[in-house]
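# Structural overview
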Amino acid sequence: MRDRALQIASGGALAACGVRLERWLEAERDQLPLWIPVAFGTGIAGWLTLGEPREWLALIALGFGVALAGIALGRGGRAGRALAIVGLCVALGCAAIWWRAQRAAAPVLARPAVVSFSGRVDAVEPLPARAMTRLRIAVDKAAAAGLPPRVRINVADREGAAPVAPGAEVRLRARLMPPAPAAVPGAYDFERVAWFQGIGATGRALGEVEVTRQGRGTGEGLRVALTRHVQSRIEGSAGGVAAALATGDRGAIAEEDAQAMRDAGLAHLLAVSGLHVTAVVGATMLIVLKLLALSPALALRFRLPLVAAAAGAAAAIFYTWLTGAQVPTVRACIAALLVLAALSMGREAVTLRLVAAGALAVMLLWPETIASPSFQLSFAAVTAIVALHEHPRVRALLMRREESVARRGARGALALLLTGLAVELTLMPVALYHFHKAGLYGAIANIAAIPLTTFVVMPLELLALLADAVGAGAPFWWLAERALWLLLWIARTTAAAPGAVKALPTMADGAFALMVAGGLWVALWRTRARWAGMVPLAVGAAWAIATPSPDVIVTGDGRHVAIRSHGGKLLMLRARAGDYVRSVLGETSGIAGEAEALEDAGDARCSPDLCVARTGRGGRSYTIVATRSDYLVPIGELIALCRSADIVVSERRLPRTCTPRWLKLDRPTLRRTGGIALMLDPPRATSVRDPAARHPWRTPERVTPPRRPFQ
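Report on the accompanying structure. (Residues numbered from 1 in each chain as written. Predicted model: local features only at pLDDT ≥ 70, side-chain atom pairs only at ≥ 80, totals over all residues. Heavy atoms only, no water.)

### Notes on the overall build of the protein chain
Going by this rule: Segments assigned H or I by DSSP are reported as helices when at least four residues long, segments assigned E as strands when at least two residues long, and all are numbered from the N terminus. We take the radius of gyration over the C-alpha atoms and set the globule estimate at 2.2 Å times the residue count to the 0.38 power. Here's how the labels work: a residue is buried when its accessible area is under 20% of the maximum for its type, exposed when over 50%, partly exposed in between, all with a 1.4 Å probe on protein chains only. By definition, residues are in contact when any of their heavy atoms lie within 4.5 Å. Using a 1.4 Å probe, the Shrake-Rupley method yields the accessible areas, and only the shown protein chains count as cover for residues. Here the positive residues are Lys and Arg and the negative ones are Asp and Glu; neither His nor the chain ends is included. Taken as the charge location is NZ of Lys, CZ of Arg, CG of Asp or CD of Glu.
Assigned secondary structure in the protein chain consists of 23 helices and 21 strands. Its C-alpha atoms give the protein chain a radius of gyration of 28 Å, near enough to 27 Å, the size a compact globule of 711 residues would have. Summarising its shape, the C-alpha atoms of the protein chain cover approximately 95 × 95 × 55 Å along the three principal directions. Looking at the protein chain as a whole, 47% of its 711 residues qualify as buried. Residue pairs at least 24 apart in sequence account for 64% of intrachain contacts in the protein chain once pairs closer than 6 positions are excluded. Looking at the protein chain as shown, the accessible area adds up to about 35500 Å², and 62% of this sits on carbon and sulfur atoms. A distance of 5 Å separates the average location of the 79 positive side-chain charges in the protein chain from that of its 52 negative side-chain charges.

In structure tokens:
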């Protein structure tokens, strides 16, 4: 009898929970479609995180199993239907990215080589700030056997050299190498990005690029021509920012200015996205509407707002095509078209459903972009803005009303401040996860930078381009240049302010996932249940903040080693390492400031060939030995050093008799693991590559280049 009573009680409790769930979902019924792209993206993220085909199949099976359970248990209820749709979307997301990865498969270069080859230029990316131009070339297979079908080449800019246009057929000699994986855990993984772009090798040209046939005029050629035209009117980083606003090319912006824009929270102004597409569409609609309204016959016969909306849609599509159809631009274009369609039908335009539709469209076309910071920053910012302004209290506070000009201006400034704060808080986890640093004063900087860019810089640049058609653009270019230097001054001043940048070491994937899940829960629901998302958000944030800096970092090639000193400074094995390596190691460690030479540390002994360093953690002393030259150390000395060391690092193969107490990180080991970050208390290691992972870019079909350069 007691067991029967317990069964009845538990059944009643489950029924009560089911009724409450149905009531809650009924109250949130308008928000349920917003979770479709979230579930689809979860399937994509699951495929990228899991490493083996059997795990991918298990995730797809789990998704379909959840969908079937929802159908079986639903019985017409909203909870069952929601469960079925979520499970189906997870399975489809995993299948979509798997299919896309297999469809993008292309041979990859097996080893570095110097070769001569010919091919057709598919894309041109000018990089004036680095005095080079980047070419993406489709290799002519008939003339270059043993090379991947598509390569990316950096060509040094030389005076007198004719610019290469897209579509041109070229012949060149270059040093090629396979696409590089992430140098250390948490760094940029170009190997994965190159796989989805079909790039099988990268390198630099040796000598001049011979153009055997000029390319035809294309949209890419128009983009390059417009970029060079803008940069010829405005020099330096200001010209680079102007070109970025017009065509999306950021190659002319000096690295220190680009970093200042990132640290000041203004980097979103350089990525052609919603702000720029909105300005283009709005300007087009205003001009078309005002011009057509001058004719009474047209105004009486046609619905001019619809005509203006059609012109705005055409302008959005053209601008997206002109700027290279990057993910933020495509997302903004889709959103603009949906807004224009909603306005034409008399519906509410800017909603979270519009953002969800744009995200789903991008993930269907390019599912791999979900892992890119561009996708995450773009959609996170837009979701935060729309969710904030859809909140009833915020809408009531910021709605237009009859009041003085001063109060209206103050209300507008408050709207910008609240929007900036919401965007900064939303983007901070994404920035810390990908770049390991985030600006803290971006909300304040954006109050001045966004109106300056939207209402001053972009209109002046448009007027200058139009006036150039009759040779009268100089005054507008001068004004635009002054405004752009003001924008850069705002970025530099904000970035240089005390405490402007917060740096953290590489964040755990689990911490980032918790913050994303909590943020989406808060943003997408409307009832009080939304605040339950603060729990995973807070746990993820605490986890990220509590993550300690790694004690030792080793790059994947074994050439560079960084050790965290007791004083919190970064000590580098090779003091003359380039800026990129220093930046990567500093960001991964979460240590701001210039790195110092290991040989200058008091607890390290270095010769031209190797260094022996000692560091203490948890009451124990660790000895680290690292080679730093191509000269061989006498075998007896090397074996003795290995036996006395806890960790040995080398860019070359070490003999089997080299047996340190913990880790031997030589060329064969690092080839399997990639870069490694080590914690000494307690001892543990995090590597770039999981030896069990079977993603296609980890195990591609490789082509072996010829032993001698082609003539």
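That covers the picture; the talk isn't over yet.
### A closer look at the sheet that holds strand β12 (residues 570–572)
Let me state the cut-off plainly: When DSSP finds two or more bridges between a pair of strands, those strands are recorded as paired.
The strand order β13-β12-β11-β10-β19-β20 describes an open sheet built from 6 strands, whose pairing is mixed. Sheet topology places β13 (596–597) and β20 (683–687) at the edges, where each strand pairs with a single neighbour. Pairing of strand β19 (residues 676–680) with β20, which is carried by 5 bridges, proceeds in the antiparallel orientation. Within β20, the position partnered with I676 by the bridge is S687.

### Re the state of the cysteines
As a reminder, the rule being used: A pair of cysteine sulfur atoms is labelled a disulfide when the two atoms are within 2.5 Å.
This model, assessed by the stated rule, comprises 2 disulfides. One disulfide in the model links C606 with C611; its S-S distance is 1.9 Å. Between C606 and C611, the disulfide has an S-S torsion of 115° and is therefore right-handed. With a relative accessible area of 28%, C606 lands in the partly exposed category. When the bonded cysteines of the protein chain are numbered from the N-terminus onward, they pair as 1-2, 3-4. Not engaged in a disulfide, the cysteine C89 finds its nearest cysteine sulfur in C94; these two sulfurs lie 13 Å apart.

### Section: the packing of helix α14 (residues 373–390) against helix α16 (residues 405–435)
Two numbers describe a pair of packed helices, the interaxial angle and the distance between the axes. What counts is decided by this rule: Helix axes are fitted only over the stretch in contact, all axes being lines through C-alpha atoms; the angle between N-to-C directions runs from 0 to 180 degrees. Orientation labels follow simple angle bins: below 35 degrees gives roughly parallel, above 145 gives roughly antiparallel, 65 to 115 gives roughly perpendicular, and whatever is left gives oblique. For a crossing to be left-handed, the near helix must be turned anticlockwise from the far one by less than a right angle; the clockwise case is right-handed. For this classification, Asp, Glu, Lys and Arg are treated as charged, while Ala, Val, Leu, Ile, Met, Phe, Trp, Tyr, Cys and Pro are nonpolar and the rest, including Gly, are polar.
Following both chains from N to C, one finds α14 and α16 inclined at 155°, their axes separated by 9 Å at the closest point. Here α14 is positioned roughly antiparallel relative to α16, judged by the angle of their axes. Here α14 and α16 pass one another in a crossing that is right-handed. Contacts between α14 and α16 involve P373, Q376, L377, A380, A381, A384, I385, L388 and H389 on the former and, on the latter, L418, T419, A422, V423, T426, L427, V430, A431, H434 and F435. By residue class, the composition of the contact of α14 with α16 is 14 nonpolar, 5 polar and no charged.

### A short note on the pattern of salt bridges
Keep this limit in mind: Salt bridges are defined as contacts in which a side-chain nitrogen from Lys or Arg sits within 4 Å of a carboxyl oxygen from Asp or Glu.
Here the structure, examined in full by the defined rule, presents 21 salt bridges. In this structure, R54 engages E52 in a salt bridge whose closest nitrogen and oxygen atoms are separated by 3.4 Å. We note a salt bridge from E390 to R526, for which the minimum N-O separation is 3.4 Å. Of the two residues, E390 sits in helix α14 while R526 sits in the loop between α19 (509–524) and α20 (534–546), which places them 136 residues apart along the sequence. Classification of E390 by relative accessible area gives buried; the value is 15%. Look at the salt bridges and you will find they share partners, linking D189, E191, R689 and R698 into a network.

### Considering the nonpolar core
Note the cut-off: Among buried residues, the Ala, Val, Leu, Ile, Met, Phe, Trp, Tyr and Cys ones that are joined through side-chain atoms within 4.5 Å form a nonpolar core.
The biggest cluster of nonpolar side chains holds 43 residues, and the ones touching the most others in it are V230, I234, V241, L266, V277, L484 and L487. Counting residues per element, the ones that place at least two in this core are α6 (219–233), α7 (236–247), α8 (255–263), α9 (274–293), α11 (304–322), α12 (327–344), α17 (442–467) and α18 (474–496). In terms of residue count, α18 provides more of this core than any other element does, 8 residues in total. Not counting residues within four places of it along the chain, the set of residues in contact with L487 comprises V241, L266, L269, A449, L452 and T453. In this structure, V90, M363, I370 and W525 belong to the second largest nonpolar core, which totals 42 residues.

### Describing the pairing of strand β6 (residues 201–205)
Of all the 5 residues making up β6, 4 are buried; the element is thus mostly covered by neighbouring parts of the structure. In the sheet, strand β4 (residues 150–156) pairs with β6 via 4 bridges, with the strands oriented parallel. Of the residues in β6, the one forming a bridge with N154 is R204. Across 4 bridges, strand β5 (residues 169–177) lies against β6 in antiparallel orientation. The partner of L176 across the bridge, within β6, is G203.

### Describing the sheet that holds strand β14 (residues 604–606)
Pairing is mixed across the open sheet formed by 5 strands, whose spatial order is β14-β15-β16-β17-β18. In this open sheet, the two edge strands, each paired with only one partner strand, are β14 and β18 (663–665). Within the sheet, the average angular offset between the axes of one strand and its neighbour, ignoring direction, is 10°. Taken together, the 3 bridges between β14 and strand β15 (residues 610–617) define a ladder with antiparallel strand orientation. Each residue of the ladder has a partner; that of C606, found in β15, is C611.

### Some thoughts on the environment of C658
Of note, C658 is situated in the loop between β17 (647–649) and β18. Expressed as a C-alpha distance, the spacing of C658 and R643, which sit 15 residues apart in the sequence, is 7.1 Å. Residues in contact with C658, not counting those within four places in the same chain, are C642, V648 and K664.

### Some details on the environment of P550
The residue P550 is located in the loop between α20 and β10 (552–554) in this model. Judged by relative accessible area, which is 9%, P550 ranks as buried. Sequence separation between P550 and A79 is 471 residues; the distance between their C-alpha atoms is 45 Å.

### As for a nonpolar patch on the surface
What counts, and what does not: Patches in this entry comprise residues that are over 30% relatively accessible and not in a salt bridge; like charges within 9 Å are linked, as are nonpolar side chains (Val, Leu, Ile, Met, Phe, Trp, Tyr) within 5 Å.
There is a patch of nonpolar side chains on the surface, built from F64, L88 and L92 and spanning about 240 Å² of accessible area. Relative to the assigned elements, L92 resides in helix α4 (residues 78–103). Given the relative accessible area of 41%, L92 is considered partly exposed.

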